[in-house]
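Descriptive structure summary
Chain by chain, the residues:
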Amino acid sequence: MSEPTQPDQNQSLSRKLSGAPSPEELEAAAAANEFEAVSELAVAQAEVATLTAKNTELADNYLRAKAESENSRRRADEEVSKARKFALESFAESLLPVADSLEAGLNLPSATPEQIKEGAAATLKQLKAALERNRVMQIDPVAGTKFDPHQHQAISVVPSEQEANTVVSVLQKGYLIADRVLRPALVTVSAPK
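In short, a report on the structure. (Residues numbered from 1 in each chain as written. Predicted model: local features only at pLDDT ≥ 70, side-chain atom pairs only at ≥ 80, totals over all residues. Heavy atoms only, no water.)

1. Regarding the overall build of the chain
Assigned secondary structure in the chain consists of three helices and six strands. Each helix and strand of the chain, ordered N terminal to C terminal, gives the series α-α-α-β-β-β-β-β-β. Its C-alpha atoms give the chain a radius of gyration of 47 Å, clearly above 16 Å, the size a compact globule of 193 residues would have. A burial count over the chain gives 11% of its 193 residues as buried. Counting only carbon and sulfur atoms, one obtains 58% of the accessible surface of the chain, whose full area is about 15,200 Å². Positive and negative side-chain charges in the chain, numbering 21 and 28 respectively, have mean positions lying 16 Å apart. (Helix = DSSP H or I, 4+ residues; strand = E, 2+ residues; numbered from the N terminus. Rg over C-alpha atoms; globule rule 2.2 N^0.38 Å. Buried < 20%, exposed > 50% of the residue type's maximum accessible area, 1.4 Å probe, protein only. Areas by Shrake-Rupley, 256 points an atom, 1.4 Å probe, with all protein chains shown as cover. Lys, Arg positive; Asp, Glu negative; His and termini not counted. Charge placed at Lys NZ, Arg CZ, Asp CG, Glu CD.)

Following this line, the structure appears as structure tokens:
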């Protein structure tokens with residue numbers, strides 16, 4: 001091989017002085033960039049695989065949670081339906097002795113008025129017990145009780161010696177089931193003086 005000529009040496013020297021890379025340096029830099037790109041690609045592919053697995057897992061968890069939620073809602077609906085059905089069944093069952101007593105009283109051909117009255121009182125007692133067992137309570141305010149618009153319905157306002165807005169008399173009893181008013185008591189209320 002021949003020795004480099006003076007102009008080639010000058011070019012090499014001027015490249016070194018100017019900071020321009022040599023062809024070998026350029027080739028090494030390109031190889032390093034290619035290695036970095038391959039390395040970054042491998043990292044990105046691994047990250048994509050991890051994210052895909054995580055996405056699949058989350059989608060599966062979502063479907064399971066959705067199915068569990070639908071099953072819970074369905075079970076709750078069934079329980080509410082059964083509770084309503086059996087609550088009514090229990091109430092009806094507690095009224096059967098009352099119906100039996102009424103029928104027995106009507107089937108007595110020669111009952112005296114005293115016996116009819118006694119039978120009606122016993123039947124009423126059975127009915128009240130059945131209502132109480134099913135949490136149906138009477139609203140029967142005594143005279144002088146403060147008027148409560150949530151439980152009483154004023155039919156009229158009458159002059160009275162009592163304090164204003166108090167119950168004077170009950171025309172018809174009201175009823176509660178649990179704490180909910182089925183029917184307010186019909187009352188007369190004392191007028192302001």
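2. Observations regarding the environment of Pro109
Relative to the assigned elements, Pro109 resides in the loop between helix 2 (23-106) and helix 3 (113-133). Separated by 74 residues in the primary sequence, Pro109 and Phe35 place their C-alpha atoms 113 Å from one another.

3. Describing the sheet that holds strand 3 (residues 167-172)
Strand order in this open sheet of three strands is 2-6-3, and the pairing throughout is mixed. Each of the sheet's edge strands pairs with one partner strand only, and the pair in question is strand 2 (152-158) and strand 3. Geometrically, the sheet is characterised by an average inter-axis angle of 30 degrees between neighbouring strands, direction not taken into account. Sheet topology note: the strand 2/strand 6 (residues 185-190) ladder contains six bridges and is parallel. Residue pairing for strand 6: Val157 is matched across the bridge by Val189. (Pairing = 2+ DSSP bridges. Axes fitted to C-alpha atoms, helices over the stretch in contact; angles between N-to-C directions.)

4. Here we look at the sheet that holds strand 1 (residues 136-139)
Picture the strands of a sheet paired through backbone hydrogen bonds; they go either parallel or antiparallel. Strand order across the open sheet formed by three strands is 1-4-5, with antiparallel pairing between neighbours. Each edge of the open sheet is held by one strand with a lone partner, namely strand 1 and strand 5 (180-183). Each strand of the sheet is rotated relative to its neighbour by a mean of 35 degrees, with strand direction disregarded. As judged from the four bridges shared by strand 1 and strand 4 (residues 174-177), these two strands associate in the antiparallel manner. Bridge pairing in strand 4 links Val136 to Ile177.

5. A word on the pattern of salt bridges
Considering all chains together, one arrives at four salt bridges under this definition. Arg75 is paired through a salt bridge with Glu68; the nearest N and O atoms lie 3.3 Å apart. What makes Arg75 partly exposed here is its relative accessible area of 36%. Judged by its relative accessible area of 43%, Glu68 falls in the partly exposed class. Among the salt bridges present, the one from Arg74 reaches Glu78, with a minimum N-O distance of 3.3 Å. In this pair, Arg74 and Glu78 both sit in helix 2, four residues apart, roughly one turn of the helix. Residue Arg74 is classed as partly exposed on the basis of its relative accessible area of 40%. (Salt bridge = Lys/Arg side-chain N within 4 Å of Asp/Glu carboxyl O.)

6. As for helix 2
For helix 2, which comprises 84 residues, the first-to-last C-alpha distance of 122 Å matches the rise-based estimate of 124 Å (1.5 Å per residue) to within 8%. At Leu95, helix 2 shows its strongest bend, of approximately 30 degrees, with the proline Pro97 following within four residues. (Expected span 1.5 Å × (residues − 1). Bend = angle between axes of the 7 residues up to and from the residue.)

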